[in-house]
Amino acid sequence: MANYLNFDIYDLQLTNLIGNSQLRQLLISTANWSILVVEDIDCSLELQDRRQPRMMNPDLARMMNIDRYPTTQGGCGACVVLLSKYNPVLDQVDDFTVSSCLTLLCSINGCSITTTEGIGNTRDGFHPIHERFSGFRASQCGFCTPGMCMSLFSALVNAEKIPPPEPPLGFSKLKVSKAEKAIVGNLCRYTGYHPMANACKSFGADVDMEDLGLNSFWRKGDSKDVKLSSLPSYKRNGDVCTFPQFLKSENRNFKDF
């Protein structure tokens, strides 16, 4: 899956103190839990920034794909990432999407950022979202695909916070009507929205398999059981952790401080 989010790391967690004009210390943890500390970050710097590497901290510039410029207007949704905030008082995590081209680094102190590579990649294997977007032919040039995948992922994560009833095996608690609306903030100029909507609807607990369009998972005339078994397996509350335990500890320590 192409990465148009200006990150070649898998997950980003931000902690530590903010000064008057600069973020004094940026703590970055990748998916393999290696730690990089970047000093003196300009508070006007966004998660995805237009500025050339020479204007940025060299460690941060090396971590970003600066050659892919964002719109900085938040209109297309291609740079959408999942932002997770932890409330140590209530001991709960809130997950929601943000446009990285509009989100200042200093505004997400103590939060966790998950990109499309954080939920699946060539090294660890792709997420069922990636596989279903591919199988339903929901990606053409691929520029908008990462943002759409993260919009749908956010909807799936928040659907798991809904009380029972439990959905059928392999499906989420997300309803088809909500699944279709998960990508309303994402624009595509080439593919068309029908295959994208089909990829989203395939996760819905109340989906009609006959309503899903052409795909590479089954042939026309296959039974419902064959179709269900052909879809890439989706495991609710899977392997993706949107807010790691060590960052919860950091937030608790900061609250006590």
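This one's a predicted model, so the numbers in the text were calculated from it and none came from an experiment.

Caption draft 1: Seen up close, the nonpolar core. In terms of nonpolar packing, the biggest core is built from 35 residues, with I129, F133, L152 and M196 touching the most fellow members. Put simply, the parts of the chain that give this core at least two residues each are β4 (80-87), α3 (128-135), α4 (145-159), α5 (176-181) and α6 (193-201). By residue number, the principal contributor to this core is α4, which donates nine residues. Excluding residues within four positions of it along the chain, M196 makes contact with F133, A138, C144, M148, I183, C188 and T191.

Caption draft 2: Looking closely at the side chain of K227. Along the chain, K227 turns up in helix α7 (residues 224-230). In this structure, K227 is in contact with M209, E210, W218 and D222, ignoring residues within four places of it in sequence.

Caption draft 3: Just the pairing of strand β5 (residues 92-99), in detail. Sheet analysis places β4 next to β5, joined by eight bridges and oriented antiparallel. Residue pairing in the sheet places V81 in a bridge with V98 of β5. The turn linking β4 back onto β5 is made up of four residues, and D91 within it adopts a positive phi angle of 55°.

Caption draft 4: Quick peek at the pattern of salt bridges. Scanning the entire structure with this criterion turns up eight salt bridges. The salt bridge partner of K201 is D211, with a shortest N-O separation of 2.8 Å. Taken together, the residues K201 in helix α6 and D211 in the loop between α6 and α7 connect sequence positions 10 residues apart. Across the pair K227 and E210 runs a salt bridge, and its minimum N-O distance is 3.0 Å. Placement of the pair is K227 in helix α7 and E210 in the loop between α6 and α7, with a sequence separation of 17 residues. Put simply, E160, E166, K173 and R236 are held in one network by salt bridges that share partners.

Caption draft 5: Seen up close, α6. Most of α6 is tucked away, with seven of its nine residues classed as buried. Residues P195, M196, A197, N198, A199, C200 and K201 constitute the buried set of α6. On its buried side, α6 packs onto α3, α4 and α5.

Caption draft 6: Quick peek at the environment of D91. Topologically, D91 is positioned in the loop between β4 and β5. The spatial distance from the C-alpha of D91 to the C-alpha of R252 is 9.5 Å, given a sequence separation of 161 residues. If sequence neighbours within four positions are ignored, D91 has contacts with Y86 and R252. At a separation of 2.6 Å, a polar atom in the side chain of D91 contacts the side chain of Y86.

Caption draft 7: Main features of the state of the cysteines. A complete count under the given rule lists zero disulfides for this structure. There is no disulfide at C79, and the cysteine sulfur nearest it, in C101, is 3.8 Å away. Residue classification places C79 among the buried residues on the basis of a relative accessible area of 5%.

Caption draft 8: Region of the structure containing unusual backbone geometry. Cis geometry marks the peptide bond from P164 to P165, where omega comes out at 20°. Counting through the fold element by element, P165 comes out in the loop between α4 and α5. Here the phi dihedral of R137 falls at roughly 55°; this positive angle occurs in a residue that is not glycine. Locating R137 in the fold gives a position in the loop between α3 and α4.

Caption draft 9: Region of the structure containing the packing of α3 against α4. It is the contact of α3 with α4, at a shortest axis distance of 10 Å, that shows an interaxial angle of 125°. Comparing the axis directions of α3 and α4 gives the class oblique. Two packed elements cross with a definite hand, and for α3 against α4 that hand is right-handed. Of the residues in α4, those in contact with I129, H130 and F133 of α3 are T145, M148, C149, L152, F153 and L156. Tallied by class, residues from the contact of α3 with α4 come to seven nonpolar, two polar and no charged.

What counts and what doesn't
- Residues numbered from 1 in each chain as written.
- Predicted model: local features only at pLDDT ≥ 70, side-chain atom pairs only at ≥ 80, totals over all residues.
- Heavy atoms only, no water.
- Core = buried A, V, L, I, M, F, W, Y, C linked by side-chain atoms within 4.5 Å.
- Buried < 20%, exposed > 50% of the residue type's maximum accessible area, 1.4 Å probe, protein only.
- Helix = DSSP H or I, 4+ residues; strand = E, 2+ residues; numbered from the N terminus.
- Contact = heavy atoms within 4.5 Å.
- Pairing = 2+ DSSP bridges.
- Salt bridge = Lys/Arg side-chain N within 4 Å of Asp/Glu carboxyl O.
- Polar contact = N/O pair within 3.5 Å; in protein donor to acceptor, adjacent residues only side chain to side chain.
- Disulfide = S-S within 2.5 Å.
- Axes fitted to C-alpha atoms, helices over the stretch in contact; angles between N-to-C directions.
- Parallel < 35°, antiparallel > 145°, perpendicular 65-115°, else oblique.
- Left-handed = near helix turned anticlockwise from the far one by under 90°.
- Nonpolar A, V, L, I, M, F, W, Y, C, P; charged D, E, K, R; others polar.

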